[in-house]
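Single-letter residue listing:
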Amino acid sequence: MEETAKKILLEIARKSVASAVKKEPAPDFSYDHPDIQAKQGVFATIKNRGKLRGCIGRFVSDIPLYKLVSEVAISSATEDSRFFDNPVTPSELDQLSIELSILSPLKRITDPFDFELGKHGIYVKKGFQSGCFLPQVATETGWSKEEFLSHCCSGKAGLPKEAWKHRDIEMYTFTVEIIKDDR
């Protein structure tokens, strides 16, 4: 993705987070840059001085990427259930870093080890329960493939730790293009 498009997406995310945290109406964006028109998934990760403050995204989209970036940035700042008791506040805005992970399409795998740590994210699903880890989680934690899969099943999908070993689990991999701000 071109640098101009990356800057636009980060600006959209930052302005969207600021308006949501200040309880102002969401900004209305309109861009015709070709790199941000695609209908693809994205996750927005918000941190304050390295500490997670929210991370929400969507795997698929029926709207242009730049509009989805605004939606997931707002959701990350206001709807991440891990932070309902400690929401992002206006006083934090200057300290927040935003990372966007632009997703490739999901690829179904049958062998649970058919992915590369740090390169592929995983998405596990059984019925209505699902969970995912972005590829950077493996790098940040240093987990083995088994740990990565087990933590995703138990910590994200609400499934038993060893659920990834069973054939009734749907498993997918994906890659991301990471766009970070300079904070």
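The structure this text deals with has already been given above.
Residues numbered from 1 in each chain as written. Predicted model: local features only at pLDDT ≥ 70, side-chain atom pairs only at ≥ 80, totals over all residues. Heavy atoms only, no water.

J.: Outline the pattern of salt bridges, listing residues and values.
T.: Applying the stated rule across the entire model yields 12 salt bridges. The closest approach of N and O atoms between E92 and R53, which form a salt bridge, is 2.9 Å. Taken together, the residues span a long stretch of sequence, with E92 in the loop between α2 (65-78) and β3 (96-103) and R53 in strand β2 (residues 51-58) at a distance of 39 residues. Each member of the pair E92 and R53 is classed as buried. Here the salt bridges share partners, and the residues they tie into one network are E3, K6 and E177. (Salt bridge = Lys/Arg side-chain N within 4 Å of Asp/Glu carboxyl O. Helix = DSSP H or I, 4+ residues; strand = E, 2+ residues; numbered from the N terminus. Buried < 20%, exposed > 50% of the residue type's maximum accessible area, 1.4 Å probe, protein only.)

J.: So what's going on with the pairing of β3? Which residues, and what values?
T.: Most of β3 sits out of view: eight of its eight residues are buried. Alternating positions in β3 separate into two faces, L96, I98, L100 and I102 on one and S97, E99, S101 and L103 on the other, with burial throughout. Relative to β3, strand β1 (residues 42-48) is paired through seven bridges, and the arrangement is antiparallel. Its bridge partner lying in β3, V42 is registered against I102. As paired elements, β3 and strand β8 (residues 176-180) share five bridges and run antiparallel to each other. The residue of β8 that forms the bridge with L100 is I179. (Pairing = 2+ DSSP bridges.)

J.: Report on the state of the cysteines, specifying residues and quantitative values.
T.: Per the stated rule, a full pass over the model turns up zero disulfides. In this model C132 remains outside any disulfide bridge; the closest cysteine sulfur is found in C152, 6.4 Å from its own. Between C152, a cysteine without a disulfide, and C153, which holds the nearest cysteine sulfur, the sulfur-to-sulfur distance is 5.9 Å. Judged by relative accessible area, which is 0%, C152 ranks as buried. (Disulfide = S-S within 2.5 Å.)

J.: Tell me about the sheet that holds strand β7 (residues 170-174), residues and numbers included.
T.: By definition, the strands of a sheet pair up through backbone hydrogen bonds, in either a parallel or an antiparallel sense. Taken in spatial order, the four strands line up as β4-β7-β5-β6 in an open sheet, and their pairing is antiparallel. Unpaired on one side and paired on the other, β4 (107-109) and β6 (129-133) mark the two borders of the sheet. The average undirected angle you get between the axes of adjacent strands in this sheet is 25°. Contacts between helix α4 (residues 145-156) and the sheet are confined to β5 (121-126), β6 and β7, with β6 contributing the most and set at about 135° to the helix. (Axes fitted to C-alpha atoms, helices over the stretch in contact; angles between N-to-C directions. Contact = heavy atoms within 4.5 Å.)

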